[in-house]
Amino acid sequence: RRVHRVRRVPPQATMGGQNPVFTGPPQRWSDEERWQVLRENVQDYGIFMLDAEGRIATWNAGAERLFGYTTDEVLGEPFRTIFTDVDVLQDQPQFELREAGEKGRCEDERWHVRKGGAQFWASGVLTPLWAEDGSIRGFAKVVRDITERKLAEVAAAEANRRKDEFLAILSHEF
């Protein structure tokens with residue numbers, strides 16, 4: 001007797017009347033297969049790992065899309081590769097590594113650099129990966145491009161500033 005897991009989904013979650021939920025037997029994956037599926041399929045978030053010295057050790061499809069580097073180009077490169085020159089001069093990559101190690105995570109929103117030098121505003125979190133003996137084995141970084149949101153915030157702030165300036169001028173004329 002075979003048992004199949006079936007999950008019901010609300011009608012709005014179906015595509016053209018077709019239920020997109022897989023109803024076959026549960027699939028068992030090795031740890032390596034799980035990481036490979038995650039690495040290859042997550043496109044909206046850059047997910048990568050650093051070794052304990054801060055060199056890029058893994059790179060998913062989302063990181064490739066965000067930063068423009070292929071896996072072969074970036075593996076072994078220092079964490080600073082994705083930071084602006086100003087942030088590198090201010091030691092931000094090392095700060096993030098220290099902060100994550102000391103506090104268990106380091107969140108940031110800042111400009112990052114794509115291959116070729118273009119910049120994008122990103123939100124990210126760096127998390128230490130602990131060895132059984134309590135030492136840091138490496139780090140995991142999850143990053144998302146939020147440039148559109150940042151530009152909308154800047155535009156809204158500028159529009160608000162202009163409105164305030166206009167109202168100030170208007171109030172002095174009457």
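Preceding this section is the structure that the text describes.
Residues numbered from 1 in each chain as written. Predicted model: local features only at pLDDT ≥ 70, side-chain atom pairs only at ≥ 80, totals over all residues. Heavy atoms only, no water.

**Q** Explain the overall build of the protein chain to me, please; I cannot follow it from the model alone.
**A** In terms of regular secondary structure, the protein chain is built from 6 helices and 5 strands. Order of helices (α) and strands (β) in the protein chain, N terminus to C terminus: α-β-β-α-α-α-α-β-β-β-α. Within the protein chain, the proportion of its 174 residues that are buried is 29%. Taking contacts inside the protein chain between residues at least 6 apart in sequence as the whole, the part at least 24 apart equals 35%. A total accessible area of about 12100 Å² is found for the protein chain, and carbon and sulfur atoms account for 51% of it. (Helix = DSSP H or I, 4+ residues; strand = E, 2+ residues; numbered from the N terminus. Buried < 20%, exposed > 50% of the residue type's maximum accessible area, 1.4 Å probe, protein only. Contact = heavy atoms within 4.5 Å. Areas by Shrake-Rupley, 256 points an atom, 1.4 Å probe, with all protein chains shown as cover.)

**Q** Explain the sheet that holds strand β4 (residues 119-130) to me, please; I cannot follow it from the model alone.
**A** Whether parallel or antiparallel, the strands of a sheet pair through hydrogen bonds between backbone atoms. Taken in spatial order, the 5 strands line up as β2-β1-β5-β4-β3 in an open sheet, and their pairing is antiparallel. The strands lining the two open edges of the sheet, one partner per strand, are β2 (56-59) and β3 (106-113). The average undirected angle you get between the axes of adjacent strands in this sheet is 30°. Bridge count for β4 against strand β5 (residues 136-145) is 9 bridges, and the pairing is antiparallel. Looking across to β5, one finds that Thr127 is bridged to Ala140. Here helix α5 (residues 92-103) sits on the sheet in contact with β1 (46-51), β3, β4 and β5, set at roughly 160° to β3. (Pairing = 2+ DSSP bridges. Axes fitted to C-alpha atoms, helices over the stretch in contact; angles between N-to-C directions.)

**Q** Explain the packing of aromatic side chains to me, please; I cannot follow it from the model alone.
**A** Two measures describe an aromatic ring pair: the distance that separates the ring centres and the angle between the ring planes. Applying the stated criterion across every chain, the model contains 6 aromatic pairs. Here Trp111 and Trp121 contribute two aromatic rings whose centre-to-centre distance is 5.2 Å and whose plane-to-plane angle is 75°, an arrangement assigned as edge-to-face. With a gap of 10 residues between them, Trp111 in strand β3 and Trp121 in strand β4 connect regions that are remote in the sequence. A residue is classified by how much of its surface remains accessible, and Trp121, at 12% relative accessible area, is buried. (Phe/Tyr/Trp six-rings, centres within 6.5 Å; stacked < 30°, edge-to-face > 60°.)

**Q** What's the story with the nonpolar core in this structure? I'm lost.
**A** Generally speaking, soluble globular proteins have nonpolar side chains that are buried together. Membership of the largest hydrophobic core comes to 20 residues, with the highest contact counts inside it found for Phe48, Leu50, Trp59, Phe67, Phe79, Ile82 and Leu126. Going through the elements one at a time, β1, β2, α2 (61-67), α5, β4 and β5 are the ones with two or more residues in this core. The residues touching Leu126, leaving out its near neighbours within four places in the chain, are Leu50, Phe79, Glu96, Leu97, Ala100, Arg105, Cys106, Phe139, Ala140 and Lys141. (Core = buried A, V, L, I, M, F, W, Y, C linked by side-chain atoms within 4.5 Å.)

**Q** When you look at the side chain of Lys141 in this model, what are you seeing that I'm missing?
**A** Structurally, Lys141 is set in strand β5. Residue class for Lys141 comes out buried when judged on its relative accessible area of 0%. At a separation of 3.2 Å, a polar atom in the side chain of Lys141 contacts the side chain of Asp108. Setting aside its immediate chain neighbours within four residues, Lys141 contacts Gly46, Ile47, Phe48, Phe79, Glu96, Asp108, Gly124, Val125 and Leu126. (Polar contact = N/O pair within 3.5 Å; in protein donor to acceptor, adjacent residues only side chain to side chain.)

**Q** Would you take a moment to explain the pairing of β5 for this structure?
**A** The two faces of a sheet get side chains in turn, since along a regular strand they alternate between them. In this structure, β1 lies alongside β5, joined through 6 bridges in antiparallel fashion. The residue of β5 that forms the bridge with Ile47 is Val142. Hairpin remark: β4 followed by β5, antiparallel, with 5 residues in the connecting loop; positive phi at Gly134, about 90°.

**Q** Would you mind going over the pairing of β2 with me for this structure?
**A** Looking at chain direction, β1 and β2 are connected through 3 bridges and run antiparallel. What sits directly across from Phe48, in β2, is Trp59. Here β1 folds back onto β2 in antiparallel fashion, the turn holding 4 residues, of which Gly54 has a positive phi close to 90°.

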